[in-house]
Amino acid sequence: MVNKLNDIVWLINPDQDSLEKLILRLEEYARDMAMIKDMQVRITVPENIHETMLPMEHRRNIYLFCKEAINNAVKYSNGTLLELRINKTGGNLEFSVSDNGKGFDAVMVRRGNGLDNMQKRADEIGAKLTVESKQNEGAMVSMQVKIT
């Protein structure tokens, strides 16, 4: 409960509206979660995106999307590597979380709350959600959002 309240306070704080601060928070979260299952973490962030400012609603949905994806990778993948990649191409930002775990059949998997929540987060900010996975080859989920 304290962690959720802390997230809410952080998300609505206007001083936290830069992409750099969002990335730092996600890095910390990914490392803390991955430590639970002794997973390595690789973070890839281009240098040219740190000054990008995000509206509160975008920041909130991106953060919650990434948290859900990180949780799923740590909880279900049985992988040894968790990757968080942020990329900026033209007017789009892409956030992807991947693992090198057991993967799943994206067509056959039962869409649980996790995938539904990620789709909801993407829909709320007009983003595109991509889910890719092959059994025994890991999984990757990404959210691509247009920024101005």
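Scroll up a little and you will see the structure.
Small disclaimer: the values here were computed from a predicted structure and weren't measured.

The next subject is the pattern of salt bridges. Taken as a whole and assessed by the stated rule, the structure comprises 5 salt bridges. Between Arg60 and Glu57 there is a salt bridge; the shortest N-O distance is 3.1 Å. With Arg60 and Glu57 both in helix 3 (residues 56-76), this residue pair falls 3 residues apart, about one helical turn. Overall, Arg60 belongs to the partly exposed group, its relative accessible area being 29%. Of the residues examined, Glu57 reaches a relative accessible area of 36% and is grouped as partly exposed.

Let us look at the packing of helix 2 (residues 19-36) against helix 3. The geometry of a pair of packed helices is captured by two quantities: the angle between their axes and the separation between those axes. One way to put it is that helix 2 packs onto helix 3 with a least axis distance of 10 Å and a crossing angle of 15°. Considered as vectors, helix 2 and helix 3 are oriented roughly parallel to each other. Judged by the sense of rotation from one axis to the other, the crossing of helix 2 with helix 3 is right-handed. Of the residues in helix 3, those in contact with Leu22, Arg25, Leu26, Tyr29, Ala30, Met33 and Ala34 of helix 2 are Arg59, Ile62, Tyr63, Cys66, Lys67, Ile70, Asn71 and Val74. Split into classes, the residues belonging to the contact of helix 2 with helix 3 amount to 11 nonpolar, 1 polar and 3 charged.

Another aspect to go through is the nonpolar core. Residues Leu19, Leu22, Ile62, Ile70, Leu82, Leu93 and Phe95 are the most contacted members of the largest nonpolar core, which totals 36 residues. Put simply, the parts of the chain that give this core at least two residues each are helix 2, helix 3, strand 2 (81-89), strand 3 (92-99), helix 4 (113-124) and strand 5 (139-146). Setting aside its immediate chain neighbours within four residues, Ile62 contacts Leu22, Leu54, Phe95, Ile125, Met143 and Val145.

Counting buried positions over the 8 residues of strand 3 gives 6, a clear majority of the element. Counting the residues between successive antiparallel strands, the hairpin from strand 2 to strand 3 contains 2 residues, one of them, Gly90, with a positive phi of roughly 60°. Strand direction decides the pairing type here: strand 3 and strand 5, joined by 8 bridges, are antiparallel. Of the residues in strand 5, the one forming a bridge with Val97 is Val141.

Turning our eyes to something else, we now look at helix 2. Under the 1.5 Å per step criterion, the end-to-end length of helix 2 is 26 Å for 18 residues, consistent within 8% with the ideal 26 Å. Those residues of helix 2 lying buried are Leu19, Leu22, Ile23, Arg25, Leu26, Tyr29, Ala30, Met33 and Ala34. End-on view of helix 2: buried residues confined to an arc of 160°, all on one side of the axis. Exposed residues pointing more than 90 degrees away from the buried face of helix 2 are listed as Leu24, Glu28 and Met35. Within two residues after helix 2, Asp38 carries a phi angle of roughly 55°, on the positive side.

In this section: the packing of helix 3 against helix 4. The geometry of helix 3 relative to helix 4 is characterised by a closest axis approach of 9 Å and an angle of 160° between their N-to-C directions. If you check the angle between helix 3 and helix 4, you find them roughly antiparallel. In this structure, helix 3 crosses over helix 4, and the sense of that crossing is left-handed. Where helix 3 approaches helix 4, its residues Glu57, Arg60, Asn61, Leu64, Phe65, Glu68, Ala69 and Asn72 are matched on the opposing element by Gly114, Asn117, Met118, Arg121 and Glu124. A breakdown of the residues in the contact of helix 3 with helix 4 according to their chemical character gives 4 nonpolar, 4 polar and 5 charged.

So, how was this worked out
Residues numbered from 1 in each chain as written. Predicted model: local features only at pLDDT ≥ 70, side-chain atom pairs only at ≥ 80, totals over all residues. Heavy atoms only, no water. Salt bridge = Lys/Arg side-chain N within 4 Å of Asp/Glu carboxyl O. Helix = DSSP H or I, 4+ residues; strand = E, 2+ residues; numbered from the N terminus. Buried < 20%, exposed > 50% of the residue type's maximum accessible area, 1.4 Å probe, protein only. Axes fitted to C-alpha atoms, helices over the stretch in contact; angles between N-to-C directions. Parallel < 35°, antiparallel > 145°, perpendicular 65-115°, else oblique. Left-handed = near helix turned anticlockwise from the far one by under 90°. Contact = heavy atoms within 4.5 Å. Nonpolar A, V, L, I, M, F, W, Y, C, P; charged D, E, K, R; others polar. Core = buried A, V, L, I, M, F, W, Y, C linked by side-chain atoms within 4.5 Å. Pairing = 2+ DSSP bridges. Expected span 1.5 Å × (residues − 1). Arc of directions from axis to C-beta.

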